Amino acid sequence: MLPAALRRWLRRPKRSDPRLLSQFFFADERVTRVVAEINGLDAELDPQQYLVLLNQLHLSQAHLLAILERIMEECIPTQRHSRDYLVKFPEELLVDNLGNHMLFAAECLLAGTFLDVEEADGAQLRPQARNLLCSLELVRTVLREQSLSQPGSYPEPVRAVLVQFDRLFAEFELSYVSSLVAVKSPEEIYRQQEIIVLFCETVERALCLGYLTQEMIDGYEPLLMFTIPRLAIISGLLIYPEGPLSLERSPEQMSRVFSPFYNLLKKIRDLLRVLSEEELCLLERSLCRAEAEDPCGPATPPAWGAAVPRADPPAPWALLEVPRATPPPPTCVAWLGPPGAVDDVGADRPWGPQAPGSSPGLDATPAARCSELRSRYSSTKDMLHTLFVCISGVADQLQTNFASDLRSILKTVFKIVASQAEPSEEPGASQEEEGDPCAADAPRLADCPLCSSPAEAAGLRRAAGTRRLPEWVPDSTCSQCSACRSPFTLLRRRHHCRSCGKIFCARCSPHAAALPHYGQPKPVRVCTHCYVAHLSPAPRRARSR
């Protein structure tokens, strides 16, 4: 009878074995070896080596958990504990190594060395941490034995311990994160979904009115981070008064994103209701400009308070005009009636600052109320400037106070409103010899070296031979992005386009494509303009970013 240790050595799997249990065996062996080295080291005598071993332990545990996750997906895919609670977590917590952080927190709680939670919360979490770590040790033992006997199968005892570990891990993860940060309630999640719908409707309206372009959205223009929330405030207060920005409900019933601005939103709504069509159009166009721009400056065309020519507003505004020989006075032509006067928010009806009597169910504001509101300001210019500052202040504070929530909302909005990628052509499909047809329709840039040399650009699209590398713009000579003109900072870094050699920010150079004409067979970074105008479909499909 062979000793147990010798039998385990003879049944030891090979490192080249691709089966998950075999990979788990060596990952577990690595964790055990690092732990043994840490336990045998005096941290006071060699603190540098102690830190090195701690880093190795962190990496080896992360690798072990990744393999364990793949084993559970293969072994118990239909018995996994629900992870729907992850939608309640702040976006910055949803990192790839969150599981490793959870196990580290459990070990610290069990050792009594964790300082980030209150004592009462720690007392409640400690039993869960103990059960989780005991379950993990049981899983490691069972999987290690299974990898030495039959690494290609998962008997019922193995499935049972995996199901138990998955459940304990999910329960501890939710309890621990809830003790550290404020997780979203189901009601708050639903309210933020309503805000996503409002933002999408706002973008669609802005596209129709010409405030935004589809190219800005598809290019993820940084300015949209400010523009969309600003325009959404106007839409939520005027177009959808019963939506997520309804002021007829209490602040507690609103989303936490907008509830701190409840009183200010009321004042904004009252002023918006007395604007004329031209004034509201002028205000919205000003809100679409750069966030630092002062709309009341002398160089701002047209001047605040000046009448806007009838031909200037986009077509949707013209549809709301009432035929008159002379323009109506600006007083009170934009009143939408008291809250609740709108019978159906989602009904298909023309909306906007409408003239009295142009829409059934909407009453005109009493002239005295309009005059009283306007009399508080020295001029129309002063009133519009106040609205600009208040709306911009609310929208811009969302970037600071609710950055995670707003980032998640805008990410979802962009996924919905961005143009869908067209299906790639079938292999062998006929293509025009002149190159990419869309390149002919792409806008030409005066400072683009390829646009200034059509022959060179045509050669790039044909990828005919290896050409001389583009001349790179030195970093020291460029202080702002060549496309959006945003200044480079510690966070907004410089990126060279490998096709034209100019410098861009990350948002304006998000693409990657192979450049065989420059001796670059693998995808490299290119700017949006070169990607659209100067590359053929084949290199575009070779993307990796």
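Remember, predicted model here, so these are calculated numbers, not experimental data.

Notes on the packing of aromatic side chains
(1) Moving on: Counted according to the given criterion, the structure contains four aromatic pairs.
(2) Moving on: Pairing Phe-25 with Phe-26 gives two aromatic rings, centres 5.3 Å apart and planes at 90 degrees, and the pair type is edge-to-face.
(3) Moving on: The exposure class assigned to Phe-25 is buried, which follows from its relative accessible area of 8%.
(4) Moving on: On the basis of an interplanar angle of 45 degrees and a centroid distance of 6.0 Å, the ring pair of Phe-165 and Phe-169 is categorised as tilted. One end of the pair is Phe-165 and the other is Phe-169, both in helix α6 (residues 156-180) and four residues apart, which spans about a single turn.

Here's the deal with the nonpolar core
(1) Moving on: Counting 57 residues, the largest nonpolar core has Phe-199, Phe-258, Leu-265, Leu-272 and Leu-283 as its most contacted members.
(2) Moving on: Where this core is concerned, the elements lending two or more residues are α7 (186-209), α9 (224-239), α10 (262-272), α11 (277-287), α13 (367-374), α14 (380-401) and α15 (403-417).
(3) Moving on: The greatest single-element share of this core, amounting to nine residues, is contributed by α9.
(4) Moving on: Membership of the second largest hydrophobic core comes to 44 residues, among which are Val-34, Leu-64, Val-139 and Leu-168.

Details of the pairing of strand β4 (residues 520-526)
(1) Moving on: Relative to β4, strand β3 (residues 511-515) runs antiparallel, the two sharing four bridges. Each residue of the ladder has a partner; that of Ala-513, found in β4, is Val-524.
(2) Moving on: Linking β3 back to β4 in an antiparallel pair, the connection comprises four residues, with Gly-519 at a positive phi of about 75 degrees.

Here's the deal with the pairing of β3
(1) Moving on: With five of five residues buried, β3 lies mostly within the body of the structure.
(2) Moving on: Burial along β3 is two-sided: His-511, Ala-513 and Leu-515 facing one way and Ala-512 and Ala-514 facing the other are all buried.

So, the environment of Ser-479
(1) Moving on: In this fold, Ser-479 is placed in the loop between α17 (454-462) and β1 (495-496).
(2) Moving on: Since its relative accessible area comes to 53%, Ser-479 is described here as exposed.
(3) Moving on: If we skip the residues at most four places from it in the chain, Ser-479 touches Pro-487, Phe-488 and Arg-494.

The rules behind these values
Within each chain, residues carry numbers counting from 1 in the order of the written sequence. Predicted model: local features are reported for residues with pLDDT of at least 70 only, side-chain atom pairs are reported and counted for 80 or more only, and whole-chain, interface and lining totals are derived from all residues. The basis for every side-chain value is the complete set of heavy atoms in the structure, and neither hydrogens nor water enter the calculation. Within 6.5 Å between ring centres, the rings of Phe, Tyr and Trp (the latter by its six-membered ring) count as paired, and their orientation is classed by plane angle as stacked under 30 degrees, edge-to-face over 60, tilted in between. Buried means the residue's accessible area, taken with a 1.4 Å probe over protein chains only, is under 20% of the maximum for its type, while exposed means over 50%, and partly exposed covers the values in between. Numbering goes from the N terminus for both helices and strands, where a helix is a DSSP run of H or I of at least four residues and a strand is a run of E of at least two. We call a set of buried Ala, Val, Leu, Ile, Met, Phe, Trp, Tyr and Cys residues a nonpolar core when their side-chain atoms join them within 4.5 Å. In this analysis, strands are considered paired if DSSP registers two or more bridges between them. Any two residues whose heavy atoms approach within 4.5 Å at even a single point are treated as in contact.

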